[in-house]
Amino acid sequence: MSRPETTRSESTGERLARFARESGIPLLRIGLGVVYLWFGVLKLFPGGSPAQDLVERTVSALTFGIIHGDVARMSAAISEIGIALVLLSFRAPRSCAVLLAGHVVLVSTPLVLFPGEMWSGPLQASFEAQYILKNLVTVAAAVVIASSHPRVR
């Protein structure tokens, strides 16, 4: 007669590690989704976003002046709200990652388009540039989100 296998209770560290494994990516998607939704909704209203002027000028520069002003602001708002909805839907992790990476590339262009406003010297980023540079974390999040979906063979 064999003895039943005894199980030891899970330690606090093991419980935290299991929680992180099971909840990390969903929490990442929720956190990014809330931020994108919040920032997108702010852009729906004239003067609602502190980044409005920079957004309008950037979109205008990237579209060679075809899209500017309120249309530029609304385009940015709708794209950010769309990204938020994809994040919060918990679907299409690879598509979500592509949208996030593409968005980060586009919102990073002021660093090059308006260098006089973004940099006061080598490695001396303005407040706006620092705000843009923090999007490097979004790129890392996009990679993690993309990796969360098992490959279909």
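Residues numbered from 1 in each chain as written. Predicted model: local features only at pLDDT ≥ 70, side-chain atom pairs only at ≥ 80, totals over all residues. Heavy atoms only, no water.

With an unreviewed UniProt entry as reference, the protein is termed DoxX family protein, source organism Lentzea kristufekii.

1. Points about the overall build of the protein
Looking only at helices and strands, the protein features 8 helices and 2 strands. Along the protein, helices and strands appear, N-terminal first, in the series α-α-α-α-α-α-β-β-α-α. Since a compact globule built from 153 residues should have a radius of gyration of about 15 Å, the 21 Å found for the protein marks it as more spread out than a globular shape. Its C-alpha atoms give the protein principal-axis dimensions of about 85 × 35 × 35 Å. Split into buried and exposed, the 153 residues of the protein put 31% on the buried side. Counting only contacts in the protein whose residues sit at least 6 apart along the sequence, the fraction spanning at least 24 positions is 66%. When the accessible surface of the protein is totalled, it reaches about 10,200 Å², and 69% of it is carbon and sulfur. (Helix = DSSP H or I, 4+ residues; strand = E, 2+ residues; numbered from the N terminus. Rg over C-alpha atoms; globule rule 2.2 N^0.38 Å. Buried < 20%, exposed > 50% of the residue type's maximum accessible area, 1.4 Å probe, protein only. Contact = heavy atoms within 4.5 Å. Areas by Shrake-Rupley, 256 points an atom, 1.4 Å probe, with all protein chains shown as cover.)

2. Topic: a nonpolar patch on the surface
A cluster of nonpolar side chains, contributed by Phe19, Leu27, Ile30, Val34, Leu37, Trp38, Val41, Phe45, Leu88 and Phe90, occupies part of the molecular surface with about 910 Å² of accessible area. Per element, the largest residue contribution to the nonpolar patch is 7 residues, and it comes from helix α1 (residues 12-43). According to the relative accessible area criterion, valine 34 is partly exposed, its value standing at 42%. (Patch = residues over 30% accessible without salt bridge, like charges linked within 9 Å, V, L, I, M, F, W, Y side chains within 5 Å. Salt bridge = Lys/Arg side-chain N within 4 Å of Asp/Glu carboxyl O.)

3. Here we look at the layout of surface pockets
When its volume is computed, the largest pocket comes out at roughly 930 Å³. Lys43, Ala51, Val55, Glu80 and Val107 are the residues nearest the centre of the largest pocket, which is lined by 36 residues in total. Broken down by element, the lining of the largest pocket gets its largest block of residues, 7 residues, from helix α2 (residues 52-62). Along the lines of polarity and charge, the residues of the lining of the largest pocket split into 21 nonpolar, 8 polar and 7 charged. (1 Å grid on protein atoms, 1.4 Å probe; cavity = no way out; pocket = protein on both sides within 12 Å on 5 of 7 lines; lining within 4 Å. Points joined across faces, edges and corners; volume = space filled by probe spheres on them. Nonpolar A, V, L, I, M, F, W, Y, C, P; charged D, E, K, R; others polar.)

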